[in-house]
Amino acid sequence: MSEYYDILGVSKTASADEIKKAYRKVAMKYHPDRNPGDARAEAKFKEAAEAYAVLSDADKRARYDQFGKAGVNGGGFQQGGVHFTNMEDIFSSFGDIFGDFGFGDLFGGRSGGRRRSGQRRGTDQKITIRLTLEEIQKGVTKTIKLKRLEPCDACHGSGAKAGSQPTICPTCHGTGEVRQVQRSLLGQIVNIQPCYQCRGLGKVISDPCRTCGGEGVVRKSGSVDIEIPPGVSTGNYMTKQGQGNHGPKGAPPGDLIIYFEEKEHPLFIRDGNDVILQVDIQYPQAVLGTTLEVQTLSGKVKLKIPPGIRSGQVLRLRGKGLPELNRHREGDQLVKVQVVTPTKVSATMKKLLRQLEDELGTTPEFKKFRP
Ligand SMILES: [Zn+2]
Ligand SMILES: [Zn+2]
């Protein structure tokens with residue numbers, strides 16, 4: 001298992017510090033700010049983040065060393081172990097590593113969140129949409145009902161009673177700011193703060209609207225259509241700017257943040273972009289081979305079981321898995337073949353099996369175990 005080590009260009013015995021330095025070097029090289037619009041660089045950048053997520057964690061690294069990628073994805077096929085589809089996720093996970101090396105400002109804007117300065121606005125509304133694997137495969141548009149703060153109809157969002165107008169704030173004279181001048185050894189220090197009377201709005205309401213109590217917003221039920229691209233996974237999210245709660249007294253709205261969550265499928269489990277299904281077949285089918293009709297996320301297909309298949313072997317249906325988010329690449333459906341050992345045996349079966357036993361012989365063959 002050296003893939004992650006190769007990505008970062010370190011040896012398998014590298015120390016935690018060496019790994020950190022190596023990751024920083026690779027991440028800086030392929031950083032999107034330095035390679036705008038370069039898809040290959042972006043892929044390398046994500047790859048490095050994935051490698052670092054594993055190798056920087058002693059526990060995950062040990063499991064990776066022993067079991068490979070399966071070891072860090074929760075013992076096999078669970079998804080969501082370490083996989084970055086979203087650049088923001090990388091910055092929020094590892095943004096501080098750049099800071100550690102004195103590059104905080106270069107990346108700070110991304111990892112520190114949006115719109116640090118500026119106007120007061122409404123709060124973000126967060127919702128979670130649960131999706132089936134079928135929906136994830138095709139992509140889907142969902143109409144979501146939600147309650148959010150929207151401008152009050154009675155006062156058109158101003159907060160002032162119909163017929164009246166907000167008036168200029170007497171404290172700040174409409175600027176929304178108060179200045180305090182302090183004298184110090186270095187000269188005057190001007191301290192600017194939001195006005196306490198109008199809370200920075202520059203206007204005050206003497207006759208508040210009865211419907212909204214002067215806030216200018218009321219909670220309303222509404223619905224929003226959300227177009228979900230194919231290939232999302234639990235933990236991915238989408239931001240619709242300006243679709244969150246409206247702020248008080250005409251302040252702009254916050255964002256609507258939509259988190260995705262995968263519903264458990266009755267038949268399939270997901271492993272990244274692949275889906276896995278088990279099929280139990282009988283011993284004669286395993287020996288002689290057969291063709292099965294197999295369920296996929298998009299209908300049934302024929303699957304040829306080759307003669308002589310062993311229990312545990314995995315067959316691949318190419319392109320029948322999930323598409324990779326924002327890529328024109330499809331995962332596969334893996335079919336794990338399990339040969340059934342019958343536990344209820346009829347007299348006829350017993351007779352036939354005895355005949356088979358005579359044919360095959362009963363001497364076991366001992367071999368060295370190779371994991
Ligand atoms: Zn109102
Ligand atoms: Zn004021």
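Everything numeric here is computed off the predicted structure, so don't read it as measured data. (Residues numbered from 1 in each chain as written. Chains lettered and ligands numbered in written order. Predicted model: local features only at pLDDT ≥ 70, side-chain atom pairs only at ≥ 80, totals over all residues. Heavy atoms only, no water.)

Student: Got a minute to help me understand the confidence of the model for the chain in this structure?
Tutor: Of the residues in the chain, 86% reach a pLDDT of 70 or more, and the chain-wide mean stands at 84. Note that pLDDT drops below 50 for residues 74-81; the model gives that stretch 17 contacts with residues more than four away or on any other chain. (pLDDT = per-residue confidence, 0-100. Contact = heavy atoms within 4.5 Å.)

Student: What should I look at first to understand the packing of aromatic side chains in this one?
Tutor: Each aromatic ring pair is described using two quantities: the centre-to-centre distance and the angle formed by the ring planes. Under the counting rule described, the total for this entry stands at four aromatic pairs. Taking 6.4 Å as the distance between ring centres and 45° as the angle between the ring planes, the aromatic pair formed by Tyr 5 and Tyr 64 counts as tilted. Highlighted residues: Tyr 5 in helix α1 (residues 3-8) and Tyr 64 in helix α4 (residues 58-67), separated in sequence by 59 residues. Taking 4.3 Å as the distance between ring centres and 5° as the angle between the ring planes, the aromatic pair formed by Tyr 23 and Tyr 52 counts as stacked. With Tyr 23 in helix α2 (residues 16-29) and Tyr 52 in helix α3 (residues 39-55), the pair connects residues that are 29 residues apart, well separated along the chain. Residue Tyr 23 shares its accessibility class with Tyr 52, and that shared class is buried. Connected via pairs of aromatic rings, a cluster forms that spans Tyr 4, Tyr 5 and Tyr 64. (Phe/Tyr/Trp six-rings, centres within 6.5 Å; stacked < 30°, edge-to-face > 60°. Helix = DSSP H or I, 4+ residues; strand = E, 2+ residues; numbered from the N terminus. Buried < 20%, exposed > 50% of the residue type's maximum accessible area, 1.4 Å probe, protein only.)

Student: Honestly, the coordination of the zinc ion (ligand 1) in this entry has me stumped. Any pointers?
Tutor: Taken together, the protein donors to the zinc ion (ligand 1) comprise Cys 152 (SG), Cys 155 (SG), Cys 209 (SG) and Cys 212 (SG), at separations of 2.3 Å. Geometry at the zinc ion (ligand 1) is tetrahedral, judged from its four donor atoms and the angles of 103 to 114° they form at the metal. Spacing between the donor residues of the zinc ion (ligand 1) along the chain follows C-x2-C-x53-C-x2-C. For Cys 152, a relative accessible area of 1% corresponds to the buried category. By relative accessible area, which is 6% here, Cys 155 ends up buried. (Donors = N, O, S within 2.8 Å, 3.2 Å for Na, K, Ca; no water. Tetrahedral: all angles 85-135°; square planar, octahedral: opposite > 155°, others 65-115°.)

Student: Is there a simple way to think about the packing of α3 against α4 in this case?
Tutor: Packed helices, taken two at a time, are described by their axes: the angle between them and the distance between them. Running from N to C, α3 and α4 cross one another at 105°; their axes reach a closest spacing of 6 Å. Considered as vectors, α3 and α4 are oriented roughly perpendicular to each other. Counted together, Ala 53, Val 54 and Leu 55 of α3 and Lys 60, Arg 61 and Tyr 64 of α4 form the full contact between these two elements. Of the residues contributing to the contact of α3 with α4, the split by class is four nonpolar, no polar and two charged. (Axes fitted to C-alpha atoms, helices over the stretch in contact; angles between N-to-C directions. Parallel < 35°, antiparallel > 145°, perpendicular 65-115°, else oblique. Nonpolar A, V, L, I, M, F, W, Y, C, P; charged D, E, K, R; others polar.)

Student: Got a minute to help me understand the sheet that holds strand β11 (residues 274-281) in this structure?
Tutor: By way of backbone hydrogen bonds, the strands of a sheet pair with one another, either parallel or antiparallel. Within the open sheet, the four strands sit side by side as β10-β11-β15-β14. Their pairing is mixed. Among the strands making up the open sheet, the edge pair consists of β10 (269-271) and β14 (314-317). Across the sheet, the mean angle separating the axes of adjacent strands is 35° when strand polarity is ignored. Across seven bridges, the pairing between β11 and strand β15 (residues 333-339) is parallel. Among the inter-strand pairings, Leu 277 is bridged to a residue of β15, identified as Val 335. (Pairing = 2+ DSSP bridges.)

Student: Whenever I open this one, a nonpolar patch on the surface confuses me. Can you help?
Tutor: Taken together, Tyr 283, Val 287, Leu 288, Val 345, Met 349, Leu 353, Leu 356 and Leu 360 make up a surface patch of nonpolar side chains, about 710 Å² in accessible area. Where the nonpolar patch is concerned, the elements lending two or more residues are α9 (283-288) and α10 (347-360). Per element, the largest residue contribution to the nonpolar patch is four residues, and it comes from α10. (Patch = residues over 30% accessible without salt bridge, like charges linked within 9 Å, V, L, I, M, F, W, Y side chains within 5 Å. Areas by Shrake-Rupley, 256 points an atom, 1.4 Å probe, with all protein chains shown as cover. Salt bridge = Lys/Arg side-chain N within 4 Å of Asp/Glu carboxyl O.)

Student: Would you mind going over the coordination of the zinc ion (ligand 2) with me for this structure?
Tutor: The textbook angles at a metal center are 109.5 degrees for a tetrahedron of four donors and 90 or 180 degrees for an octahedron of six. Taken together, the protein donors to the zinc ion (ligand 2) comprise Cys 169 (SG), Cys 172 (SG), Cys 195 (SG) and Cys 198 (SG), at separations of 2.3 Å. Metal-centred angles of 101 to 117° between the four donor atoms at the zinc ion (ligand 2) mark the site as tetrahedral. Using a relative accessible area of 2% as the deciding quantity, one classes Cys 195 as buried.

Student: So what exactly am I meant to see when it comes to α2 here?
Tutor: If you check α2, its first and last C-alpha atoms are 20 Å apart, about what 14 residues at 1.5 Å a residue would give, namely 20 Å. Among the residues making up α2, those that are buried are Ile 19, Ala 22, Tyr 23, Val 26, Ala 27 and Met 28. (Expected span 1.5 Å × (residues − 1).)

Student: Please clarify how the sheet that holds strand β8 (residues 237-240) should be interpreted in this entry.
Tutor: Taken in spatial order, the three strands line up as β1-β9-β8 in an open sheet, and their pairing is mixed. Edge positions in the open sheet fall to β1 (125-131) and β8, since each of these has one partner strand only. The average angle at which neighbouring strand axes cross in this sheet is 25°, direction not considered. Sheet topology note: the β1/strand β9 (residues 256-262) ladder contains seven bridges and is parallel. Within the sheet, the bridge partner assigned to Ile 127 lies in β9 and is Ile 258.

Student: Which parts of the structure should I look at to understand the side chain of Glu 150?
Tutor: Tracing the sequence through the fold places Glu 150 in strand β2 (residues 140-151). The exposure class assigned to Glu 150 is buried, which follows from its relative accessible area of 19%. A polar contact is formed between the side chain of Glu 150 and the side chain of Arg 148, at a distance of 3.2 Å. In contact with Glu 150, other than residues within four places in its own chain, are Gly 216, Val 217, Val 218, Lys 220 and His 246. (Polar contact = N/O pair within 3.5 Å; in protein donor to acceptor, adjacent residues only side chain to side chain.)

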